[in-house]
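Secondary and tertiary structure notes
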Amino acid sequence: MRVKICGITQPEQSLAIAALGATALGFICVPTSPRYVTIAQIQAAIAALAEGNAPISKNIDKIGVFANTTISEISQIVKKSGLTGVQLHGDETPEFCQQLRQSLPQVEIIKALRVRSLEHLQTTIHYTDYVDTLLLDAYHPQQLGGTGQTLDWHQLNQQFSPGLPWFLAGGLTPDNILTALSQIKPNGIDLSSGVEHSPGNKDLDKVALLFQKLENW
Ligand SMILES: O=C(O)c1ccccc1N[C@@H]1O[C@H](COP(=O)(O)O)[C@@H](O)[C@H]1O
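In this text, all values refer to a predicted model and were calculated from it rather than measured experimentally.

Rules and cut-offs
- Residues numbered from 1 in each chain as written.
- Predicted model: local features only at pLDDT ≥ 70, side-chain atom pairs only at ≥ 80, totals over all residues.
- Heavy atoms only, no water.
- Pairing = 2+ DSSP bridges.
- Helix = DSSP H or I, 4+ residues; strand = E, 2+ residues; numbered from the N terminus.
- Axes fitted to C-alpha atoms, helices over the stretch in contact; angles between N-to-C directions.
- Buried < 20%, exposed > 50% of the residue type's maximum accessible area, 1.4 Å probe, protein only.
- Right-handed = clockwise from strand over helix to strand, strands pointing away.
- Left-handed = near helix turned anticlockwise from the far one by under 90°.
- Contact = heavy atoms within 4.5 Å.
- Nonpolar A, V, L, I, M, F, W, Y, C, P; charged D, E, K, R; others polar.
- Core = buried A, V, L, I, M, F, W, Y, C linked by side-chain atoms within 4.5 Å.
- Salt bridge = Lys/Arg side-chain N within 4 Å of Asp/Glu carboxyl O.

**Digging into the sheet that holds strand β8 (residues 188–191)**
- If you walk around this closed barrel you meet the eight strands as β1-β2-β3-β4-β5-β6-β7-β8, and the pairing is parallel. The average angle at which neighbouring strand axes cross in this sheet is 25 degrees, direction not considered.
- Pairing between strand β3 (residues 61–66) and strand β4 (residues 85–88): four bridges, direction parallel. Of the residues in β4, the one forming a bridge with Phe66 is Leu88.

**As for the pairing of β4**
- Both faces of β4 are covered, namely the face carrying Gly85 and Gln87 and the face carrying Val86 and Leu88.
- With helix α4 (residues 71–81) bridging β3 and its parallel neighbour β4, the resulting β-α-β unit is right-handed.
- In terms of handedness, the path from β4 via helix α5 (residues 94–103) over to strand β5 (residues 108–115) forms a crossover that is right-handed.

**Some details on the packing of α4 against α5**
- Taken N-terminus to C-terminus, the directions of α4 and α5 make an angle of 40 degrees; their axes are 10 Å apart at the nearest point. The element α4 and its partner α5 pack so that their crossing is right-handed. Where α4 approaches α5, its residues Ile71, Ile74, Ser75 and Lys79 are matched on the opposing element by Phe96, Gln99, Leu100 and Ser103.
- Among the residues making up the contact of α4 with α5, the classes are represented as four nonpolar, three polar and one charged.

**Some thoughts on the nonpolar core**
- Ranked by size, the top nonpolar core spans 56 residues in total, and within it Ile5, Ile74, Val86, Leu88, Leu136, Leu156 and Leu168 carry the most contacts.
- Once residues within four sequence positions are removed from consideration, Leu168 is found in contact with Leu136, Leu151, Trp153, Leu156, Ala180, Ile184, Pro186, Gly188, Ile189 and Asp190.
- Among the nonpolar cores identified, the runner-up in size contains seven residues, and Ile63, Leu135, Phe167 and Ala169 belong to it.

**A word on the pattern of salt bridges**
- In the structure shown here, the tally under the stated rule is eight salt bridges.
- Between Lys4 and Asp190 there is a salt bridge, with the nearest N and O atoms lying 3.0 Å from each other. In this pair, Lys4 is assigned in strand β1 (residues 2–6) and Asp190 in strand β8, connecting sequence segments 186 residues apart. Per residue, the accessibility class of Lys4 equals that of Asp190, and both read buried.
- In this structure, the salt-bridge partner of Asp91 is Arg114, at a minimum N-O distance of 3.1 Å. Residue Asp91 is found in the loop between β4 and α5, and its partner Arg114 is found in strand β5; the two are separated by 23 residues along the sequence.
- For Asp91, a relative accessible area of 52% gives the class exposed.
- Salt bridges sharing common partners tie together Arg2, Asp61 and Glu108.

Here is the structure:
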């Protein structure tokens, strides 16, 4: 199972989190977020990974999180920083994803859906031809992401079976991860606020605890 730890801002934490077992790191490229990072910060985090000894550090997925921005801005940031994937966390349409794919053919495209209702889940069907991966996050009326709010895993399990690999996100923590995974079987999990001291400052003890819990799963 893929494990993405999102909202990394410090280069040394990217290396430590990779060493603990993360398969993907997320960098928030949304300027209004308290976890926002510049191209230079992403470059520094990726350079730290390249200097790490463990092969996993070099092969780890490096995902930029964007919301409601332009294809040209995303493409520039991806090319300058060395990101391997893009997570679209805003109101991007299937047509937008199709155009982004043409601009960045080698880059993984993850479309996040902030789930307002179970009916809303049906919209994912329109993205299947244009993205590689889906991600489900909880809806919050004021914030785009990193909210710590959870989805209804049990209901989701009964209503959601997309034709694409997908990440479960939204309020996951070392304390609730096994409960979530006992109810639903995503291809990956994505954690941000549940493994941090404060926005952008990850709590490495919580990240270690998460991987300890996953060992017994
Ligand atoms: O983390 C943020 O600040 C953020 C800002 C804008 C869009 C997405 C953001 N984070 C994403 O939110 C989810 C869930 O976070 P949490 O575990 O509930 O704190 C995750 O996919 C992040 O990539």
